[in-house]
Amino acid sequence: MACYSETPSPTIRTITISYDELKDKDADLSLKIEEGFGPNGLGILSITDVPDFPSLRRNLLCLSARLAALPEDVKKELEDPESRYNFGWSHGKEQLESGKLDLLKGSFYANPLLDVPTNDASLIQRYASYCGANIWPQAALPELEVAFKALGKLIFDVGLLVAYHCDRYVSRGMKTQKDEGLEQILLHSRCHKGRLLYYFPAQLSNHEENGDSMSSWCGWHTDHGSLTGLTCGMFKRSGIEISCPDSAAGLYIRTRSGEIVKAIFGEDEIAYQIGETTEILSQGYLCATPHCVQAPKGKESSGIDRSTFALFMQPDWDEKLNFPEDIHIHKELIPPNGSLTFGEYSEMLLDKYYHKKNIKN
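Note that the structure is predicted; figures quoted are calculated from it, not measured.

Caption draft 1: Main features of the pattern of salt bridges. Under the counting rule described, the total for this entry stands at 16 salt bridges. For Asp20, the salt bridge is made with Lys23, and the minimal N-O distance between the two is 3.6 Å. Using a relative accessible area of 56% as the deciding quantity, one classes Asp20 as exposed. Taking the relative accessible area as the measure of exposure, Lys23 reaches 46% and is therefore partly exposed. Residues joined by salt bridges that share partners form a network here, namely Asp115, Glu145 and Lys149.

What follows is the structure in structure tokens.
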């Protein structure tokens, strides 16, 4: 998806909701939900003033560089090829838009709510990217598990409140059963996945190679789950936290009209983005948008690393997705009857970005 332009993209502040507003279940937040997540929104909004979030964010993000610096043999023990590297450490396994392997960042994946989602061997083999067990560096970096779970659980709990207000908004336009809403789907799921990302220090040669790429740090994509909780990135040079030296770097979103805008939110806010599955189940009342991350460029950006965390909140693997007739998302994957489980849908999507899974006889 070629998106570079000589003209700077407009910068837009995310729609914000305070935590006090959000936790009030009698509050009518439909206007803000529509502005952020509706058909004309950016597919993103942020929650302010969440208790304990700033310290939990800092605790976890400060561990990402230490994780990436562990000896290669230790990180190898943290890899899980059977899950297509969707548990534990992953570096250089995912393909970029160019078809090259992504060596710019390393990731650590875990379910912050359940260490062992299931003991069913057949499910673990079929849906290894969701049903596998967490892999923690208990000897090399024991504090990672505590910090990862604490931040992940907080983002999940706040996300459930966001989902509650999304359900109230959607219920105005379509009939839904009480147990079919986004809140209940997420509450009962065993599939949630956290991802701690570490973008390695960029060298000048990297900037020259990717100089015209808006998606130089993370390629254009649309989250396929239900709701993604996202922290603001933390930038460091030689271990010292700094402000990003390039105002053009950051999160870019393609709107429904095709315009590309830069979305910004505060470092003490939790941003939430709508995923494709929610767009499908809400019949388009809540909309997912393609987005990418641009790396900082220029001499001042050389040697800077970035850390961030995302929680992918998604349905259980056996949750049935009924696709509407008019759908613009991954049409080539949808069967004639328009129905897949979330596990089936996810495996098809993973095939696009990772090597095909080797099924053992």
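More follows now that the structure is in view.
Caption draft 2: Looking closely at the packing of aromatic side chains. For the structure shown, the criterion picks out six aromatic pairs. Between Tyr130 and Phe342 the ring centres are 5.6 Å apart and the planes differ by 35°, which places this aromatic pair in the tilted class. Remark: Phe342 occurs in helix α12 (residues 342-353) and Tyr130 occurs in helix α7 (residues 128-131); sequence separation between them is 212 residues. What makes Tyr130 buried here is its relative accessible area of 6%. Residue classification places Phe342 among the buried positions, given a relative accessible area of 0%. Between Trp136 and Phe148 the ring centres are 5.4 Å apart and the planes differ by 75°, which places this aromatic pair in the edge-to-face class. With a gap of 12 residues between them, Trp136 in the loop between α7 and α8 (143-170) and Phe148 in helix α8 connect regions that are remote in the sequence. Of the two residues, Trp136 and Phe148, neither departs from the other in class, the shared state being buried.

Caption draft 3: Local environment of unusual backbone geometry. Residues other than glycine seldom take positive phi values, yet Asp49 does so here, at roughly 60°. Positionally, Asp49 belongs in the loop between β3 (44-48) and α3 (53-61).

Caption draft 4: A look at the packing of α3 against α8. Where α3 contacts α8, the axes come no closer than 9 Å and their chain directions differ by 140°. Here α3 runs over α8; the crossing is left-handed. Taking contact as the criterion, the partners of Phe53, Leu56, Arg57, Asn59 and Leu60 in α3 are, on α8, Leu144, Ala147, Phe148, Ala150, Leu151 and Leu154. For the contact of α3 with α8, the class distribution of residues is nine nonpolar, one polar and one charged.

Caption draft 5: Here's a closer look at the packing of helix α2 (residues 30-37) against α8. Packing of α2 against α8 leaves a shortest axis separation of 9 Å and a crossing angle of 95°. Relative to α8, α2 is oriented roughly perpendicular. Residue-level contacts link Ser30, Ile33, Glu34 and Phe37 of α2 to Val162, His165, Cys166 and Tyr169 of α8. Grouping the constituent residues of the contact of α2 with α8 by class yields five nonpolar, two polar and one charged.

Caption draft 6: Spotlight on the environment of Glu269. Here Glu269 shows up in the loop between β12 (260-264) and β13 (270-274). According to the relative accessible area criterion, Glu269 is buried, its value standing at 8%. Spatially, the C-alpha atom of Glu269 lies 9.3 Å from that of Ser18, the residues being 251 residues apart in sequence. Of the polar contacts made by the side chain of Glu269, one reaches the side chain of Arg13; its length is 2.4 Å.

Caption draft 7: Layout of the nonpolar core. Counting 54 residues, the largest nonpolar core has Phe37, Ile47 and Tyr272 as its most contacted members. Examining the composition of this core, we find that 15 residues originate from one element, α8, more than from any other. When sequence neighbours within four positions are dropped, the list of residues in contact with Phe37 reads Gly43, Ile44, Leu45, Val162, Cys166, Leu227, Tyr272, Ile274, Tyr285, Leu286 and Cys287. Core analysis: the next-biggest nonpolar cluster, separate from the first, contains 14 residues, Cys131, Cys191, Phe342 and Leu349 among them.

Caption draft 8: Geometry of α3. Restricting attention to buried positions, one finds in α3 the residues Phe53, Leu56, Arg57, Leu60 and Leu61. Buried residues of α3, seen end-on, are gathered within an arc of 120° and therefore sit on one face of the element. In this fold, the buried residues of α3 make contact with α4 (64-68), α8, β6 (193-199), β9 (234-237), β13 and β15 (304-313).

Caption draft 9: Region of the structure containing the sheet that holds strand β1 (residues 11-13). Pairing within the open sheet is mixed, and its five strands lie in the order β1-β12-β11-β14-β7. The sheet is open, and its two edges are formed by β1 and β7 (218-221), each paired on a single side. Taking the axes of each pair of neighbouring strands and ignoring which way they run, one obtains an average angle of 35° across the sheet. Direction of pairing for β7 relative to strand β14 (residues 291-294): antiparallel, over a ladder of two bridges. Across the sheet, the residue bridging to His221 is His291, located in β14.

Definitions and limits used
For every chain, the first residue of the written sequence is number 1, and numbering continues from 1 along that sequence. At least 70 in pLDDT is required for a residue's local features to be given in this predicted model, at least 80 for side-chain atom pairs to be given and counted, and no such filter applies to totals for whole chains, interfaces and linings, which use all residues. By convention in this description, side-chain values take in all heavy atoms of the structure and omit both hydrogens and water. What counts as a salt bridge is simple: a side-chain nitrogen of Lys or Arg found within 4 Å of a carboxyl oxygen of Asp or Glu. Classification of residues uses two cut-offs on accessible area relative to the type maximum, computed with a 1.4 Å probe and protein chains only: under 20% is buried, over 50% is exposed, and between them is partly exposed. To pair, rings of Phe, Tyr and Trp, with the six-membered ring standing in for Trp, must have centres within 6.5 Å; the planes then decide the type, stacked if under 30 degrees apart, edge-to-face if over 60, and tilted in the middle. A run of H or I in DSSP becomes a helix once it reaches four residues, and a run of E becomes a strand once it reaches two; helices and strands are each numbered from the N terminus. Axis definition: a line fitted to C-alpha atoms, limited for helices to the stretch in contact. Angles are taken between N-to-C directions and run from 0 to 180 degrees. Working rule for handedness: look at the near helix, and if it is turned counterclockwise from the far one by less than a right angle, call the crossing left-handed; if clockwise, right-handed. When checking whether two residues touch, look at their non-hydrogen atoms; a contact exists if any pair is within 4.5 Å. Under the convention adopted here, Pro, Cys and the residues Ala, Val, Leu, Ile, Met, Phe, Trp and Tyr are nonpolar, Asp, Glu, Lys and Arg are charged, and Gly plus all remaining residues are polar. Any angle between 65 and 115 degrees counts as roughly perpendicular, while under 35 counts as roughly parallel, over 145 as roughly antiparallel, and the rest as oblique. Polar contact is defined as a pair of N or O atoms within 3.5 Å, subject to the rule that within protein one atom must be able to donate a hydrogen and the other to accept it, and that residues adjacent in sequence are counted only when both atoms are side-chain atoms. What is meant by a nonpolar core is a set of buried Ala, Val, Leu, Ile, Met, Phe, Trp, Tyr and Cys residues, joined one to another through side-chain atoms within 4.5 Å. Here the arc refers to the directions that run from the helix axis out to each C-beta atom. If DSSP finds at least two bridges between two strands, the strands pair.

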